[in-house]
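Reading the structure
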Amino acid sequence: MANKRNALLRSVDYLKRGRRINQGWSEENGRARDWEDVYRGRWQHDRVVRSTHGVNCTGSCSWKIHVKNGIVTWETQQTDYPSLGENVPEYEPRGCPRGASYSWYLYSPGRVKYPYVRGELLSAWKQIREHEENPLKAWRALVSDAAQRQAYQSARGKGGFVRAEWDTVSEIISAAMLDTVQTYGPDRVAGFSPIPAMSQVSFAAGSRFISLMGGTMVSFYDWYADLPPASPQIWGEQTDVPESADWYNAGYFIIWGTNLPMTRTPDAHFMVEGRYNGTKVVGVSPDYAEYVKFADLWLPCKAGTDAALAMAMAHVILKEFYVDNPTPYFLDYAKNYTDLPFLVTLKQQDGHWRADRFLNANDLGLNVPQADWKTVVWDTTTGSPEIPNGSLGYRWDGQHKWNLRLENPEGTPIQPALSFIEAADSVLSVSLPNLQTGSSRPFARSLPARRVTNSLGETMWVTTVYDLMMAHMGISRGLPGDYPTDYDDVTAYTPAWQEAITGVDRNLAIQVAREFADNAAKTRGRSMIALGAGTNHWYHSDLIYRSIINLVLLTGSQGINGGGWAHYVGQEKVRPLEGWNTLAFGLDWNRPPRQHAGTSFFYFATDQFRYEEPALKLPGVPTSGRFRDAHPADMTTLASRLGWLPSFPQWTENSLAVVAEARNAGCGSADEIVQHVAQRLTSGDLEWAVENPDDPRNFPRVFFIWRSNLLGASGKGHEYFLKHMLGAAGHVLGNPDESWQPETVKTPGTIPEGKLDLLVDMDFRMTSSGLYADIVLPAATWYEKHDLSSTDMHPFVHPFNPAVAPLWESKSDWDAFRTLAEAFSRMAARYLPVVDDLVMTPLQHDSPGEIAQPHGHVRDWRQGECEPVVGKTMPNLTLVHRDYAHLINQMTTLGPLADEGIVTKGIRIDGHAAVAELMERVGSSKWEGPGRGRPSLWTGRQAAEAILTLSGPTNGHRAMEEWQSLENTTGVPLTAAIHGREDTAYRFEDLTIQPRLALPAPVWSGLEGEGRRYSPFTANVDFKIPWRTITGRQHFYLDHEVMLDYGEGLPIYRPPSDNPPFASGDEAGDTADVSQAVTVRYLTPHQKWGIHSTYSDTPRMLTLFRGGQTVWMSMEDAKAIGIEDNDWIEVFNRNGAIVARAVISHRIPKGVAMMYHAQDRTIGVPKSLVTGDRGGTHNSVTRIIPKGTHMIGGYGQLSYSMNYYGPTGHQRDVLTWIRPLKEVDWLED
Amino acid sequence: MRDQERLVLKLVAGLLDYPGHPAFWMRLREHASLAEEADARLGAVSKALQRVVPIELEKLYVAAFDFDPKGSLYVTAHELGDSRDRGQALIELTELCQKAGYDVPDDQLADYLPLLLELMAVYPDSVASLAERVSSMAGRIAEHLGPDHLYRPLFDLIQETLGRPNAADVPSVEEHPDLVDLPYPIEY
């Protein structure tokens, strides 16, 4: 009955029901939908703003920032990337959980909201200022009072901040800078900020300010050890790599020490999708890393031994694809695009032959311009030596023949011989480096050689790089000598030989080498290798990389879409490079800027050079050892005085005083001043600061850190930073008195502690760097400013846009440095309005400086080996006039030097059109001063507009001008590269509307556009543009004397350092008990739950794993010291100590421990029993050891340029003890 | 809410201001007798603050409230931590201020404790929705600061004035991060 009643009540007769669908489960009707408002309200927002995330993530993903009532509520991925066309997966969506947690920082309790000053410093300042009206004198009084200075220095890292007004901090900073300029010189003011691509305007803000005032910008890429020195060594170009979509084009893809799914999260899909496209993926990794899971094959190569595996693979490829079955594609590629056919002289020394340098036109007595720099091949058509187009001499001889056409200067085609094996005048037994552990003599291997007659009528013996390479790699071709008999002979460099070193099965190594080459032969070069930190963060990173890159060069895969190297660590690509470079270093007002190599700077500033351990002796290298046995500090002084490397601070004397002294001595013109100072330098009257770095006059004094966490992330030798540079509580456990000391550097008895007078950190969050700073400035977040971001992972340029105004008292980096510049100029107008400065710079790459020192022979003027000549055998010296009173005006306008020319990588264009175009976009400056009427750069947005307008990749007019300029140098038609896009000119607004594809411009070597993915050196291959190297081709052989002295003329394997955790002279003390400890190789790979230290402190990331500091260990090692997963451990060696929890995993091989990079010390760290103080960061057990070969300069591609070449601050050649932490003390009482 | 209680809230809000500006010290002296009159403990804190060397007081303040998340003076940071809901909560507080006829200054967030204390003092209608939240947060900070901290009495006073929360003290997300409403459930 009840059922009936209910049924009746549900039925309708006059009314009509909606249509029923889904088998009657759904009904269409017009009921009110108010209930949905709950969900609508949840996701409601007023507006969406396009922005992205800045340093240190190189992903450069476009994000939607949702704003409601002025509050950033969340962020989601943008999905409107332009399509790449058919048959390629798309880029969107890009973004990972790290980026998705960013908005937390805006409102987080840990945000730096106000300017902060160390309390001790502020009280002292205020006290002195009460009676001292002159702020410069006030600063001098403050830092001259030893007790006062020590009081705030020793408080670094221990809290004690107070808030201050922007005006107050600007005054202190300006006074410190101006007094430092006056007392010691502008070069004692230095700045550090990394990865400009990931917020170009913000980087440029500080670097422009510092460069204009004459301060030193310290490089980051080499310092991070992310810079692969192999890249300039081989190509004369730094880190030009394919965009991630090009992985999809590969037929065979080896991933070698770069954790793509983990650290390249938004890009990894191309690798996975490639597999559906038939790509075979091979993983090479010591541990069971994330990427190994996606690989078809895993080669578990022991940490640091990768070069051995690569050498054996190259051995297989040479044997099978060059000798046994010559592959026409490979041979043709080798002749056209590599140095393999070029002739190398053989030199007889102590009865043995050894390879020396490239033969050149001068040797042959040819009467051609720049003959020393024109390298030679053997022409099989004429049976004589010829100098083909494209070598470095052609770049600078004004003959418009700097191209890769195989022609002689008369235009006659050349057929270069790869080998003399069929046409040798003789077979010579040559000494080749033997760097195997325990070897006592070089290899003696025969190779075919020919005779040539030099200009003096003497006989010279030569061979080809190819023949030398064959002998070096152990491919006998029937020739006598120390050659291995077959693959199973355990002699360098066979598959069996590598198996003993790397642990990789020889058959697996042979298989992968064969497949890699076979694929390249069939696809004409679509074999690719991605490599990164795992293979690059080593002392011998260059050898590892050169050995691996051998494989792509030998298989004709470089400069081919879907092939070549793909280096992904710390990589960045400031696509709009020309404009950025001009702005960032103030090149529109003053040239040259002071740019320093980071590793060299910190090696001395933190006194790590005084804790050095002796270099390993290498009896297997057939040279004297003059360079390889030298202390790195001695190599640095050599590199400084020969103009190879920059060297700041410059001299013990203030560079302003040096100019004044020259004028007093009667010098009038700039040239007279330069000659006078050169004379003082050569006579020894004027001392290089690098030769006396621990003299207080040579300390860096004021240091800026922004967009960076130097002390919590990249500061290799963390404890040395704290102890010596900062004067804070650093716990170095090594003994400097028993360490190896340099000969040409003064080392006073006491090592200084507390070199910096003022450390300024600018950030939106409190990092380890902030903890140790004297002044912390509140920076705007990435959702509160205008900026630009680009990357080499994809071809788009992204904007940052303010979703909300900067909160609390924060300012965008541009506005913050502008505020400092205003204060600086105001103060300078009264106390130091103008100065004349003499700037010392090294012989620069892409300038005539790269042909300064011919033949790669080291000639030291101090030893009387050559004449001291400025800009040739010594550094450049340039007189620079600085208008401090108008620095603010210069900083905020585009200066007149931009009209004269914009020069990037040696490509010069006239700047007038660019400046006029910019003026239309940003208007002119109305402020009084030298910049009046010039384009205004007052806001960050205007600066971004300037960067876009002045650069080829974002402005087709510039791209066209650049291609035309390069056409002139090369004599080849090139403008087709930009055809159809020459009128595309992006404005900031265009990028905000939708991501845009970068335009092909010759400052980058890849061709790109719709339908073509960016791959490096495709322009070189397609258009016959030379590489910027000695031969103009890709180099296997590096003939510089220092290279040969290290035994590294050709790629070779050297094992990682196995120095024990403590050196024999160290006194570790009772607390360093190792009765229950293991020694492990300590690695610091990049992590999953942060980008360096960024994001790793957000609650979301902390909860995704264990939070706080952890160290990964193997099951075996954990068992050996009796610990279980999550137990506390102590990691220590002579460099310092770390306390962390252990993650015990089958993933890690025995003898290796991994601490993910940059787990900041701001997150709970208990006491270390070794040091008695709180444990340090992941870098507390590392120390830098600069490598001499990275310091070579003035020689073709081995010439300095910032973030291009320089010693790397590697950190993996480190062994440490690990023991259980008996007692966990949080030091909270 | 009685005028006396509103006065206490207003005075506490003033005392919780950053002690680095001249305005703070002027106000401190101006309100000294008022504070003494309102509550002896307020008077005592007011005097104690004046006795500390200013720079030391600034250091103490920064260490307690700027760089220690557990002492953060932002209410929703305690309540919601990293949760996406914090944005919504801030918006609601902004709207509450607007309902009372006030704006939140551009350089400050709507959940700033002194701002909310002042709001309750000048707009008692807001007390009903805020009292328990503010009191609970004050209790947590008081406990974290410990019994001898110079600023401790101010937080005790807030609690007394607003009443201690009835429900058992809700743990903060700082202490129990897995309470944050993550986009997926954490299962043990």
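This text gives an overview of the structure that appears in the document. Since the model is a prediction, treat every value here as computed from it, not as a measurement.

**Points about helix H26 (residues 670–683) of chain A**
Residues and elements named next belong to chain A. Taking 1.5 Å per residue as the helical rise, H26 with its 14 residues ought to reach 20 Å, and the 20 Å between its terminal C-alpha atoms agrees with that figure. Taken as a whole, H26 has its buried residues at Ile 673, Val 674, His 676, Val 677, Ala 678, Arg 680 and Leu 681. Tucked inside the fold, the buried residues of H26 contact helix H25 (655–664), strand S28 (834–841) and strand S29 (876–883).

**Thoughts on empty space enclosed by the protein**
Residue and element names in this part refer to chain A. Counted by the stated rule, this structure contains 14 cavities of 30 Å³ or more. Here the largest cavity is characterised by a volume of approximately 550 Å³. Contributions of two or more residues to the lining of the largest cavity are made by helix H11 (260–263) and helix H20 (533–536). Counting residues per element, the lining of the largest cavity draws most heavily on H20, at three residues. Split into classes, the residues belonging to the lining of the largest cavity amount to 18 nonpolar, 17 polar and eight charged.

**Quick word on the pairing of strand S23 (residues 702–706) of chain A**
Residue and element names in this part refer to chain A. In terms of burial, S23 is largely enclosed, as five of its five residues are buried. Residues Val 702, Phe 704 and Trp 706 of S23 are buried on one face, and the alternating residues Phe 703 and Ile 705, pointing to the opposite face, are buried as well. Where strand S8 (residues 189–192) and S23 come together, four bridges link them in parallel fashion. Looking at S23, one finds that Val 189 is bridged to Val 702.

**Section: helix H12 (residues 268–276) of chain A**
Residue and element names in this part refer to chain A. Among the residues making up H12, those that are buried are Ala 268, Phe 270, Met 271 and Gly 274. Down the axis, H12 shows its buried residues gathered within 160 degrees of arc, on one side only. Buried residues along H12 sit against strand S10 (252–256) and H11. Just beyond H12, the residue with positive phi is Gly 278, at close to 100 degrees.

**Some points on the environment of Gln650(A)**
All names here are of chain A. Tracing the backbone through its elements, the reader meets Gln 650 in the loop between helix H24 (632–641) and H25. Since its relative accessible area comes to 0%, Gln 650 is described here as buried. Spatially, the C-alpha atoms of Gln 650 and Ser 640 are 9.4 Å apart, while their sequence positions differ by ten residues. With near-sequence residues (within four places) excluded, Gln 650 lies in contact with Asp 187, Arg 188, Arg 594, Ser 655, Glu 687, Trp 688, Ala 689, Leu 838, Val 839 and Met 840. Side chain to side chain, Gln 650 and Arg 594 meet in a polar contact 2.9 Å long. Within polar-contact distance, the side chain of Gln 650 engages the backbone nitrogen of Met 840 at 2.9 Å.

**Focus: the pattern of salt bridges**
Residues and elements named next belong to chain A. Summed over all chains, the structure comprises 87 salt bridges over all chains. Arg 921 serves as the salt-bridge partner of Glu 945, at 3.5 Å between the closest nitrogen and oxygen. Within this pair, whereas Glu 945 is found in helix H34 (residues 940–949), its partner Arg 921 is found in helix H33 (residues 912–922), the two being separated by 24 residues in sequence. Both residues of the pair, Glu 945 and Arg 921, count as buried.

**Section: the sheet that holds S8(A)**
Hydrogen bonds between backbone atoms are what pair the strands of a sheet, whose relative direction is either parallel or antiparallel. Residue and element names in this part refer to chain A. Strand order across the open sheet formed by eight strands is S7-S6-S25-S24-S23-S8-S9-S22, with mixed pairing between neighbours. Among the strands making up the open sheet, the edge pair consists of strand S7 (161–163) and strand S22 (594–596). The average angle at which neighbouring strand axes cross in this sheet is 20 degrees, direction not considered. In this structure, S8 lies alongside strand S9 (residues 216–218), joined through three bridges in parallel fashion. Paired with Ala 190 across the bridge in S9 is Thr 216. Sitting on the sheet, helix H5 (residues 119–131) is in contact with strand S6 (116–118), S7 and strand S24 (758–763), with an inclination near 85 degrees to S6.

**A word on the packing of aromatic side chains**
Residue and element names in this part refer to chain A. Evaluation of the coordinates by the stated rule reveals 81 aromatic pairs over all chains. Taking the centre distance of 5.6 Å and the plane angle of 90 degrees together, the rings of Tyr 102 and Phe 764 count as edge-to-face. Of this pair, Tyr 102 sits in the loop between helix H3 (97–100) and helix H4 (104–107) while Phe 764 sits in the loop between S24 and helix H29 (768–772); the two residues are 662 residues apart in sequence, bridging distant segments of the chain. On the basis of relative accessibility, which here comes to 5%, the residue Phe 764 falls in the buried class. Aromatic side chains Trp 1089 and Phe 1105 sit 4.4 Å apart centroid to centroid with 5 degrees between the ring planes, which places their arrangement in the stacked category. Of this pair, Trp 1089 sits in the loop between strand S33 (1078–1083) and helix H39 (1099–1104) while Phe 1105 sits in the loop between H39 and strand S34 (1110–1113), and the two are 16 residues apart along the sequence. Under the relative-accessibility criterion, Trp 1089 is labelled buried at 14%. The ring of Trp 808 is capped by Lys 113, whose NZ or CZ atom sits 5.3 Å from the centre of that ring. A cation over an aromatic ring shows up here: Arg 575 above the ring of Tyr 1014, its NZ or CZ 5.3 Å from the ring centre.

**Considerations on the environment of Gly1175(A)**
Residues and elements named next belong to chain A. Here Gly 1175 shows up in the loop between strand S37 (1152–1154) and strand S38 (1215–1220). Relative accessible area serves as the criterion here: at 0%, Gly 1175 is assigned to the buried category. The spacing of Gly 1175 and Pro 326 is 849 residues in sequence and 58 Å in space, taken between C-alpha atoms. Residues in contact with Gly 1175, not counting those within four places in the same chain, are Ala 1137, Val 1139, Arg 1161, Val 1165, Pro 1166, Lys 1167 and Ser 1168.

**Focus on the sheet that holds strand S20 (residues 527–531) of chain A**
All names here are of chain A. Spatially, the five strands line up as an open sheet ordered S12-S11-S10-S20-S21, and their pairing is parallel. Each edge of the open sheet is held by one strand with a lone partner, namely strand S12 (297–299) and strand S21 (564–567). Pairs of neighbouring strands in the sheet enclose a mean axial angle of 20 degrees, with direction left out of account. Two strands pair when backbone bridges link them, and S10 and S20 are joined in this way by five bridges, in the parallel orientation. By the bridge assignment, Phe 253 is partnered in S20 with Met 528.

**Focus: the interface of chain B and chain A**
The interface of chain B with chain A comprises 33 residues on the first partner and 31 residues on the second. With both sides pooled, the region where chain B packs onto chain A buries about 2900 Å², and carbon together with sulfur makes up 57% of that total. Ranking the residues of chain B by area buried against chain A places Phe67(B), Asp82(B) and Arg84(B) at the top, with a combined share of 24%. Linking chain B with chain A are two salt bridges, by the criterion used here. Two residues, Glu120(A) and Lys59(B), come together in a salt bridge whose shortest N-O distance is 2.9 Å. There are ten residue pairs in polar contact (both at pLDDT 80 or more) connecting chain B and chain A. For the side of chain B that touches chain A, the secondary structure elements donating two or more residues are helix H5 (54–66) and helix H7 (85–99) of chain B. Per-element accounting of the side of chain B that touches chain A gives the leading share, seven residues, to H7(B). For the side of chain B that touches chain A, the class distribution of residues is 16 nonpolar, six polar and eleven charged.

The rules we used
- Residues numbered from 1 in each chain as written.
- Chains lettered and ligands numbered in written order.
- Predicted model: local features only at pLDDT ≥ 70, side-chain atom pairs only at ≥ 80, totals over all residues.
- Heavy atoms only, no water.
- Helix = DSSP H or I, 4+ residues; strand = E, 2+ residues; numbered from the N terminus.
- Expected span 1.5 Å × (residues − 1).
- Buried < 20%, exposed > 50% of the residue type's maximum accessible area, 1.4 Å probe, protein only.
- Contact = heavy atoms within 4.5 Å.
- 1 Å grid on protein atoms, 1.4 Å probe; cavity = no way out; pocket = protein on both sides within 12 Å on 5 of 7 lines; lining within 4 Å.
- Points joined across faces, edges and corners; volume = space filled by probe spheres on them.
- Nonpolar A, V, L, I, M, F, W, Y, C, P; charged D, E, K, R; others polar.
- Pairing = 2+ DSSP bridges.
- Arc of directions from axis to C-beta.
- Polar contact = N/O pair within 3.5 Å; in protein donor to acceptor, adjacent residues only side chain to side chain.
- Salt bridge = Lys/Arg side-chain N within 4 Å of Asp/Glu carboxyl O.
- Axes fitted to C-alpha atoms, helices over the stretch in contact; angles between N-to-C directions.
- Phe/Tyr/Trp six-rings, centres within 6.5 Å; stacked < 30°, edge-to-face > 60°.
- Lys NZ or Arg CZ within 6 Å of the ring centre and 35° of its normal.
- Buried area = accessible area lost by both parts, 1.4 Å probe.

Everything listed here is a matter of coordinates, which is why it stays silent on function.
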